[in-house]
Structure formats: structure tokens, C-alpha cells
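Take a look at the letters that make up each chain.
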Amino acid sequence: MSLFIPRHVGGGLVGPRRYHSLYTPRKPLLHGTMEANENIYNDDDLGNANTHHIVYLHAGQVFAGLRPAKKSERLVLDVETRPTSIPAKIPVMDEQTKRRIYDLAFATLKYQTLLEDMLVDSGYYSYNTIPDENHSLIMVILCDMISRHFAKLPKTRDDPIIPYIQEIEEDLIAHTTKLNASLARNRIKFQARSVEHLLPEAVREREKCGSQIPTYAWVNELKSSVANVVAELEEDGYQKLGCLDLLEEYTFAKDTHCSNVLVFSAQQREELSAHDLVKSGSLIIQDKTSCLGPHSLKSLLNEGEDILHTMVGSGWTTAHIATLCNQEKSTIYACGVKTDEKLDQLTINMERLGIHNVKLIKEDFFELQHTDPRFKNVKLALVTPQDSRSGITNPVEYIIHEGEDASILRELSQENTDEDKLDGLVSRHMDTLKHAMKFPRVQAVVYTTCSIHEAENENVVTKVTEYLNARNAGSRNNFRLIPPVLPLTQKDLENQTSDRFLKINPSPLMGGCFVAVISREDEALTASDILARAAAKGLCDTPEGNNNNEEEKAKSKRRSSKSKGISPKSSKSNLNKKTPTKHMRSSKSSLTSKISDSSSGTSPPATTQRKSRIVRTASDMFAHHFNKHPSDSGEDIVRMAPEGVPQTQATIQRIQPKVLITQPHQAVISHPKPFV
């Protein structure tokens with residue numbers, strides 16, 4: 001197929017121009033693209049971050065795989081040359097080059113309408129021109145030219161040159177004046193102060209937050225400790241701060257929600273990636289939205305319990321879970337390893353981090369049987385579905401560090417959401433959550449997304465909980481939504497719309513995410529057991545109410561023993577031994593003194609109703625966060641949750657003091673002047 005691109009001289013169309021370099025024999029590269037001369041472009045050049053031709057080549061491939069239908073009404077596309085919806089995979093390169101490739105492809109997607117209008121309005125494309133395979137390459141080169149204000153790039157001797165990319169670049173440079181004039185007309189037409197103001201407002205806000213979001217990294221406590229990592233960073237010139245708002249170059253702070261997460265400024269992202277701590281596996285760079293799920297699991301995990309992870313993804317979230325639990329007593333089963341290549345890569349990463357309690361499963365999560373003996377000790381599950389990623393503000397960094405598919409660039413480059421695709425995702429989320437709760441010994445499921453859509457978050461967990469309870473009608477082991485135990489601040493609590501979930505909207509500090517916990521209400525597990533478990537892990541203080549209850553029980557036991565004339569310590573020995581006459585006289589005198597005390601107005605303690613068996617509920621689990629204490633004015637006030645658990649009306653009702661019921665005959669005895 002011959003390829004034609006119009007060439008203009010003096011403002012008039014003189015005819016098509018053939019790129020003869022395209023017809024020279026070349027061996028195929030990725031996805032059918034053509035490689036330049038072998039002695040000019042080889043594998044060694046892939047790692048060269050200084051070449052812009054290689055960036056153009058792979059950015060054009062990514063854009064070709066992601067490009068939706070044409071957005072300009074003035075452009076005609078040939079159906080046969082439309083790209084597929086599967087983005088091309090980038091070969092192994094350094095992180096800086098990958099970032100440049102994805103940044104350029106993402107920018108081209110955002111400005112697709114503008115670029116297509118410029119190519120037609122400037123006369124580069126005539127009105128009857130049908131773009132060919134080089135259209136994606138032309139688009140990414142033009143987008144890069146606009147970002148540098150049509151300035152020429154400096155050339156170096158070591159910079160490899162791809163001939164047909166060089167010809168396209170020179171042809172666009174020859175039309176710089178007309179392309180620049182077309183750009184100015186578009187800005188005047190839409191009254192845009194800059195090129196960025198040509199984008200939709202929602203896209204601009206997301207891009208603004210993404211450029212300011214800090215870099216998050218969690219400490220691998222199997223390799224080092226948080227204190228040692230902080231000390232090593234300070235030796236390298238970093239300064240530890242106490243507030244995230246003051247972050248700047250060569251500074252860091254500890255995260256408020258996750259104890260092993262450190263926060264760095266956005267400017268330190270590339271330099272931090274080359275740090276020895278990151279290369280050795282002691283510090284793992286990962287988005288904070290992926291760290292809340294593992295820490296929510298940690299608060300629910302008991303010693304020796306196993307965990308099931310529904311989607312392994314890049315493996316960093318699974319590795320984070322493994323570092324938070326006991327390597328010798330807990331096992332993490334991770335699903336979603338589709339290829340042998342992915343299995344080998346994940347195995348290498350786990351070994352590099354010192355993890356040996358993760359078992360990678362090649363089967364799809366829906367293929368797992370609930371009766372499989374491998375999962376007989378699985379008590380917790382982490383559901384991380386393939387959601388819309390609408391809460392991600394910096395998709396390029398998310399792709400690089402999470403190993404995410406580049407297809408999220410297409411959705412995040414647009415203002416509107418594809419409702420049909422969203423409905424399909426919601427249906428799959430619900431199926432995944434239902435399948436996770438079918439495992440008979442699973443006590444709780446943590447559901448996390450990087451989405452801000454209510455349909456993927458609140459609606460999914462609410463409907464699934466209602467469905468499971470309706471299916472298990474009459475059973476005592478129902479399911480209940482409980483808030484995740486995370487140390488939230490007062491500001492975080494004020495921003496919550498519900499006390500059963502944790503939802504964070506995108507901001508300059510972090511991306512948007514959603515966390516919910518669905519717990520099985522096992523009657524055999526009381527609230528005191530749950531509180532004792534949390535206190536043993538150091539997640540909360542020992543509830544004051546428990547100590548008071550134990551003291552009251554001991555006092556009532558002593559009172560009942562005294563009323564029978566038996567000492568609590570020697571009650572058993574007194575029953576087996578014969579009591580001397582002297583002791584009998586003392587017991588008579590003590591009995592006489594008790595009767596005289598009762599006649600003087602002192603009454604025995606009133607008996608209370610027999611307490612019913614405590615049922616494990618969401619309010620009982622977090623009742624210790626709302627202990628009452630006297631204020632300066634003398635009134636009892638309810639303390640706000642120190643661990644960030646929202647306060648509910650049900651919780652307030654449960655912590656009210658219990659009323660002691662007094663029998664009628666006891667009321668007569670308790671009278672200050674009783675009848676004789």
C-alpha cells in the first residue's frame with residue numbers, strides 16, 4: 001500500500017509526496033510497525049533516554065492502540081486503517097523513557113480534537129485526504145511541537161535517527177507558521193487564555209491535582225524498619241517534616257493513615273526511583289490508594305489466618321499484605337496470574353523483597369472452588385476489582401508503578417464516562433464480591449476501588465450485603481457493613497457522607513479511592529473478643545469499660561459470698577472442714593451485726609436482670625471509641641473516636657448506662673426507715 005501525505009509549497013497543494021524510506025526492506029517491530037535501518041536503530045538504543053525518535057515511535061504505537069473514533073468533523077478516516085483498542089506494549093526500558101512515552105501519548109489523547117482540527121485547518125491535510133498508518137505518528141509529533149512552542153530540539157551525535165520519522169518531523173517543521181496560526185485561531189474561537197484552557201474543566205482539574213500529588217512509598221519491614229529507613233534518608237540529606245503541606249525538595253513525612261508509608265514531594269519522584277533503598281527493596285514506591293486496603297486487612301487479621309487476594313495486578317499490593325503479617329503463620333493466595341511470563345516476574349519480585357508466604361495462582365478467581373482444601377484456613381479476602389480508575393489523578397505514574405494496562409489513559413483523557421462500560425464493570429464487581437463471600441470460613445472481605453463513581457462503590461457493597469442476607473434469611477451468620485479501622489483525622493470524618501464506608505475524593509494530596517468492609521456476624525464472637533484482639537495488636541487502647549466490668553463482677557462475687565457467711569478465698573476449705581465453736585460464735589456475731597445494719601437503713605445491693613448473650617455487631621466492635629468521661633462542667637460527654645471510627649446513633653444508644661431493676665420487696669427494705 002502506497003502512503004501519501006500532502007506537501008504544500010507557497011500555500012498551494014502541489015501533489016502528494018511519497019516517503020521512499022518506507023519502501024526500504026525492514027524487519028517488523030512491535031504490532032506490525034516498521035523498524036528503521038538495523039545499524040541505526042538497535043536494541044541498545046531502547047535504553048537511550050536522550051532520543052526523541054524512539055519516544056515518538058512508541059508513543060505513536062500507544063496512541064494508535066488507544067485512539068477512539070475521530071473527534072474532528074473535518075477529518076475523514078478510512079475504516080480499514082483504524083487501530084485496534086488494544087494498546088501496544090512498551091519493551092523493557094528505563095523508567096524515565098517510559099514516563100516520556102506515556103506522557104506524550106496521554107497528552108495526544110487529551111488534545112486529539114485540537115490536533116485534528118489544526119492538521120485540516122492549516123492545509124497540512126486537504127479536505128479529501130484520508131490519513132494512513134502515519135497519522136498516529138504525525139499526531140504525537142505535532143503534540144510535542146506544541147508543548148515546546150514549536151522550538152527545535154537540540155541534536156546530539158549519539159541520538160539515533162529513524163529516517164521516516166525524520167521526514168515527517170521535517171515536513172511538520174516546514175508548516176510551523178500555518179500550524180501556529182491555526183492554533184491561535186482555535187484559542188480565539190474558544191476564548192482560551194492558553195492551550196490548557198482548551199481542555200474540558202474536569203480534565204484540567206484532574207491534571208492539576210495529578211501534577212501536585214506527592215510520591216508515596218511503603219517500607220518493607222522484612223528488609224528494614226521504618227526507623228532505619230528514616231535514619232538512612234536523613235543521612236542522605238533528606239529532612240523529616242511533621243506536616244505534608246510543607247513538603248518540598250529533599251523533604252519527607254510520615255503518612256497519617258498508614259504507619260509504614262512515607263511521603264515525598266512530587267519533584268523527588270524520579271530521583272527517589274534511583275535511590276539505593278528502592279533498588280534494594282527496602283522502600284517500595286506505590287500510590288497511597290493501594291495502601292489503604294492492606295492496612296484495613298491488618299486490623300482484622302488474627303495470628304495464623306490466611307488471606308485471599310482476588311487480583312494480584314502488579315504484585316505490590318500482595319507484597320504489602322505479606323510484609324504486614326507473620327511470614328511463618330499466614331499465607332496469602334493471589335489470583336489473576338495469567339501467563340508464565342507474569343508468574344516468573346512476580347516470583348522474582350517476591351524473592352527480591354524477602355517474601356516467601358505468597359502463593360501465586362494461575363486460575364481465574366471465579367474458577368476457584370469454595371471447597372478447595374487449599375483455602376480451608378482463609379479467613380479474610382481482599383477484593384481489588386478492575387474498576388474504572390476514575391479517582392486516579394496521575395495515570396502515567398499509576399501505569400509505571402502499578403503495571404496497569406495503558407487503556408486507562410483513554411477514559412481519563414475524556415470528560416464523560418462511558419455508561420455502558422461502567423454498567424459492565426459494576427456487574428463484574430458484584431459477582432466478584434459475592435464469590436468471595438461464598439467461602440465458608442471467610443469472616444470479612446475488604447473491598448477497595450480507585451473509583452469515585454457511586455455505582456462502583458456504595459451501590460455495590462450495599463446491594464451485595466442485602467442479597468447475601470436475603471439468601472441466608474433465618475441464619476444467624478448474616479453480613480454487615482462495618483467501617484474500616486484506620487486512624488482518620490477529624491477532617492477526614494467531616495468529609496465522610498456515611499459512617500459505614502471510607503471514601504476519599506481526589507485532591508492535591510492523594511487520588512480518590514473507596515474502602516469498605518463486609519463482616520460476617522458470627523454470634524460466637526463477642527464484642528469483647530474483638531476489642532481485646534485490637535488492643536493486643538496495638539490498634540487501640542484497652543477499653544476502660546472492660547476493667548470496670550471485671551471489678552463489678554469481683555465485687556458482686558464477694559458480696560454474695562459474704563451474704564452466705566463464706567469467705568471468697570476460703571469458701572471451699574470451710575465446706576470440707578469442721579468449724580470450731582469459737583468460729584461459730586464469731587459467725588453468729590457477724591450475722592447479728594449484719595441484721596442490725598439492715599435495721600439502721602443499710603440495704604443490700606439490688607439485683608440486676610440477667611444479661612443476655614452479647615451479639616457481635618458493628619456498634620459493639622467500635623464502642624470503646626466512644627467511652628464517656630466527665631467534663632469540667634460536671635456533665636458526661638462522649639469522646640470522639642480517636643482511631644477515626646465514625647460515631648453512629650446506634651453506638652450512642654448502646655453505651656448508655658444500664659438501668660438496674662429493683663424488685664418490690666427490695667424497695668421496702670431499702671427505705672430509709674423500713675418497717676419492722
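All values reported here derive from a predicted model rather than from experimental measurement.

1. Here we look at the overall build of the chain
Piece 1. Per the secondary structure count, the chain includes 25 helices and 17 strands.
Piece 2. Looking at the chain residue by residue over its 676 residues, the buried ones come to 48%.
Piece 3. Counting contacts in the chain only where the partners sit at least 6 residues apart, residues at least 24 apart contribute 74% of the total.
Piece 4. When the accessible surface of the chain is totalled, it reaches about 35,600 Å², and 51% of it is carbon and sulfur.

2. A word on the confidence of the model for the chain
Piece 1. For the chain, mean pLDDT is 75; residues scoring 70 or higher make up 65% of the total.
Piece 2. Long-range and interchain partners of residues 78–84, a stretch whose pLDDT sits below 50, account for 10 contacts in this model, where long-range means more than four residues apart.
Piece 3. Overall, residues 566–608 carries pLDDT values under 50, and its contacts beyond four positions in sequence, including any with other chains, amount to 19 contacts.

3. Examining the pattern of salt bridges
Piece 1. All told, the structure shown has 16 salt bridges when counted by the stated rule.
Piece 2. A salt bridge links K503 to E458; the shortest N-O distance between them is 3.4 Å. Here the residue K503 occupies a position in strand β14 (residues 502–504), and E458 occupies one in helix α17 (residues 458–471), the gap between them amounting to 45 residues. Neither residue differs from the other here; K503 and E458 are each classed as buried.
Piece 3. It is possible to trace a salt-bridge network through shared partners that takes in E95, R99, R269, E270 and E397.

4. What to know about the packing of aromatic side chains
Piece 1. In total, this model carries 10 aromatic pairs according to the counting rule given.
Piece 2. Taken together, the ring pairs connect Y333, F365, F366, F375 and F439 into an aromatic cluster.
Piece 3. In this arrangement the basic side chain of K434 is found over the ring face of Y467, its NZ or CZ atom lying 4.1 Å from the centre.

5. Re the sheet that holds strand β3 (residues 215–219)
Piece 1. The strand order across the open sheet built from 5 strands is β4-β5-β6-β3-β7, with neighbouring strands paired in mixed fashion. Bordering the open sheet on either side are β4 (239–241) and β7 (283–285), each of which pairs with just one other strand. Taking the axes of each pair of neighbouring strands and ignoring which way they run, one obtains an average angle of 35° across the sheet.
Piece 2. Pairing of β3 with β7, which is carried by 3 bridges, proceeds in the antiparallel orientation. Looking across to β7, one finds that V219 is bridged to L283.

6. So, unusual backbone geometry
Piece 1. Even without being glycine, H149 reaches a positive phi, approximately 55°.
Piece 2. As for its position among the elements, H149 is in the loop between α4 (135–147) and α5 (163–174).
Piece 3. Overall, H149 belongs to the exposed group, its relative accessible area being 67%.
Piece 4. A positive phi angle is found at F150, which is not glycine, with a value near 60°.
Piece 5. Residue placement: F150 occurs in the loop between α4 and α5.

7. Some details on the pairing of strand β5 (residues 251–254)
Working note: regular strand, side chains alternate between the two faces of the sheet.
Piece 1. Pairing of β4 with β5, which is carried by 3 bridges, proceeds in the parallel orientation. Bridge pairing in β5 links L241 to A253.
Piece 2. As paired strands, β5 and strand β6 (residues 261–264) are joined by 3 bridges and run antiparallel to one another. From the neighbouring strand, A253 faces β6, where its bridge partner is V263.

8. Description of α5
Because an α-helix completes one turn every 3.6 residues, residues spaced three or four positions apart along the sequence face the same direction.
Piece 1. Between the first and last C-alpha of α5 there are 17 Å, a value that for 12 residues agrees with the 16 Å anticipated at 1.5 Å per step.
Piece 2. Looking only at α5, the buried set comprises Y164, I165, Q166, E167, I168, E169, D171 and L172.

9. Focus: the environment of L343
Piece 1. Take L343: it is sitting in helix α13 (residues 340–352).
Piece 2. Look at L343 and you get partly exposed, because its relative accessible area is 23%.
Piece 3. In the structure, L343 is positioned 18 residues away from I361 in sequence and 8.8 Å away in space, judged by C-alpha atoms.
Piece 4. Every residue in contact with L343, bar those within four places of it in the chain, is listed here: V337, L360 and K362.

10. A word on the pairing of β6
Piece 1. Taking every second residue as pointing to the same face, both faces of β6 are buried, with V261 and V263 on one and L262 and F264 on the other.
Piece 2. Note that β3 and β6 share 4 bridges and pair antiparallel. What sits directly across from T215, in β6, is F264.
Piece 3. Between the antiparallel neighbours β5 and β6 lie 6 residues.

11. A closer look at the nonpolar core
Piece 1. The biggest cluster of nonpolar side chains holds 55 residues, and the ones touching the most others in it are I141 and L172.
Piece 2. Elements with a minimum of two residues in this core: α1 (52–66), α2 (95–110), α3 (112–121), α4, α5, α6 (176–190), α14 (395–402) and α15 (408–412).
Piece 3. Sequence-distant contacts of I141, defined by excluding residues within four places in its chain, comprise Y56, I165, I168, E169 and L172.
Piece 4. If you look at the next biggest cluster of nonpolar residues, it comprises 40 residues, including L247, W316, M350 and L493.

12. Some remarks on the side chain of S330
Piece 1. Positionally, S330 belongs in the loop between α12 (316–324) and β9 (332–334).
Piece 2. In terms of polar contacts, S330 uses its side chain to reach the backbone carbonyl oxygen of E305, at 2.8 Å.
Piece 3. If we skip the residues at most four places from it in the chain, S330 touches L301, N302, G304, E305, D306, C325 and N357.

13. Structural notes on the environment of L233
Piece 1. Take L233: it is sitting in helix α8 (residues 226–235).
Piece 2. With residues up to four places along the chain from it excluded, the contact list for L233 reads Y238, F252, L262, F264, H275 and L277.

Here is what the cut-offs are and how they apply
- Residues numbered from 1 in each chain as written.
- Predicted model: local features only at pLDDT ≥ 70, side-chain atom pairs only at ≥ 80, totals over all residues.
- Heavy atoms only, no water.
- Helix = DSSP H or I, 4+ residues; strand = E, 2+ residues; numbered from the N terminus.
- Buried < 20%, exposed > 50% of the residue type's maximum accessible area, 1.4 Å probe, protein only.
- Contact = heavy atoms within 4.5 Å.
- Areas by Shrake-Rupley, 256 points an atom, 1.4 Å probe, with all protein chains shown as cover.
- pLDDT = per-residue confidence, 0-100.
- Salt bridge = Lys/Arg side-chain N within 4 Å of Asp/Glu carboxyl O.
- Phe/Tyr/Trp six-rings, centres within 6.5 Å; stacked < 30°, edge-to-face > 60°.
- Lys NZ or Arg CZ within 6 Å of the ring centre and 35° of its normal.
- Pairing = 2+ DSSP bridges.
- Axes fitted to C-alpha atoms, helices over the stretch in contact; angles between N-to-C directions.
- Expected span 1.5 Å × (residues − 1).
- Core = buried A, V, L, I, M, F, W, Y, C linked by side-chain atoms within 4.5 Å.
- Polar contact = N/O pair within 3.5 Å; in protein donor to acceptor, adjacent residues only side chain to side chain.

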